[in-house]
Amino acid sequence: MQRTQFGAMACSIARTLDVIGEPWSPLILRDVYAGTHRFEQLQRGLGMSRKVLAERLNWLVEQGVLARREYSARPVRHEYLLTDKGRELCDLLLVMVRWGDRWTAGEAGPPVLYRHHACGKISHVELRCSECEQPMRATDIDLLPGPGAHPES
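Position numbers for residues start from 1 in each chain and track the written sequence from start to end. Residues qualify for local features only when their pLDDT is at least 70, as the model is predicted, and side-chain atom pairs are given and counted only at 80 or more; totals for whole chains, interfaces and linings, by contrast, use all residues. Note: side-chain values were computed over all heavy atoms of the structure, leaving out hydrogens and water.

J.: Explain the packing of helix H3 (residues 39-46) against helix H4 (residues 50-62) here, please?
T.: Two measures define how a pair of helices packs: the angle their axes make with one another and the distance between the axes. Following both chains from N to C, one finds H3 and H4 inclined at 120°, their axes separated by 10 Å at the closest point. On the basis of their axis angle, the class for H3 and H4 is oblique. As H3 packs across H4, the resulting crossing turns out to be right-handed. From H3, Phe39, Glu40, Leu42 and Gln43 reach across to H4, where they touch Arg50, Leu53, Ala54 and Leu57. Asp, Glu, Lys and Arg are counted as charged, while Ala, Val, Leu, Ile, Met, Phe, Trp, Tyr, Cys and Pro are counted as nonpolar; the rest, among them Gly, fall into the polar class. Among the residues forming the contact of H3 with H4, the class breakdown is 5 nonpolar, 1 polar and 2 charged. Lines fitted to the C-alpha atoms define the axes, with helices restricted to the stretch that makes contact. Angles between their N-to-C directions range from 0 to 180 degrees. Where helices and strands are cited, they refer to DSSP runs of H or I of at least four residues and of E of at least two residues respectively, numbered from the N terminus. Reported orientations rely on four angle classes, namely roughly parallel under 35 degrees, roughly antiparallel over 145, roughly perpendicular from 65 to 115, and oblique for the rest. We call a crossing left-handed when the near helix sits turned anticlockwise from the far one by less than a right angle, and right-handed when that turn is clockwise. Residue contacts follow a heavy-atom distance rule, with two residues in contact if any of their heavy atoms lie within 4.5 Å.

Dropping the structure here:
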């Protein structure tokens, strides 16, 4: 089955989905962020096929989200580490966590808690305007064409 390519669209959401838009990629990023770096550990923890995991890891390395580093020469084995690009994608995952904790966690509550290093408190992500520091939600903004927008045909 051929994967739809969104990377050429003049849309940052589509371009991001081109990198991590299939369901396994965010889960791989989550696990690498949490400290699982080796293929066997990722495969065992996620319960996915070796073939699909290898494809996803190769894609994430090609996209510059993960770096592959050899940790054993005999046999050849690699571990996967987040790049700066990958660490920034983890910020997106925290926004997904906030939504999932609110709308899908049920009575049991969130499966993971997040302690903020700066204050030591258990917290969650809040989106704020980079200019005025006020909360920023989809209902608080207007969409305007940016410099990378395609002109209307």
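J.: For this particular structure, what's the right way to read unusual backbone geometry?
T.: As a rule of thumb, non-glycine residues mostly have phi less than zero, and peptide bonds are mostly trans rather than cis. Going from Arg74 to Pro75, the amide bond is cis rather than trans, its omega being -10°. Here Pro75 lies in the loop between strand E1 (66-73) and strand E2 (76-82). The phi torsion at Glu133 lies on the positive side, around 70°, for a residue other than glycine. With respect to the helices and strands, the residue Glu133 is situated in the segment after strand E4 (122-123). A relative accessible area of 51% places Glu133 in the exposed class. Partly exposed describes any residue whose relative accessible area lies between the buried limit of under 20% and the exposed limit of over 50%, with all areas from a 1.4 Å probe on protein chains only and scaled to the type maximum.

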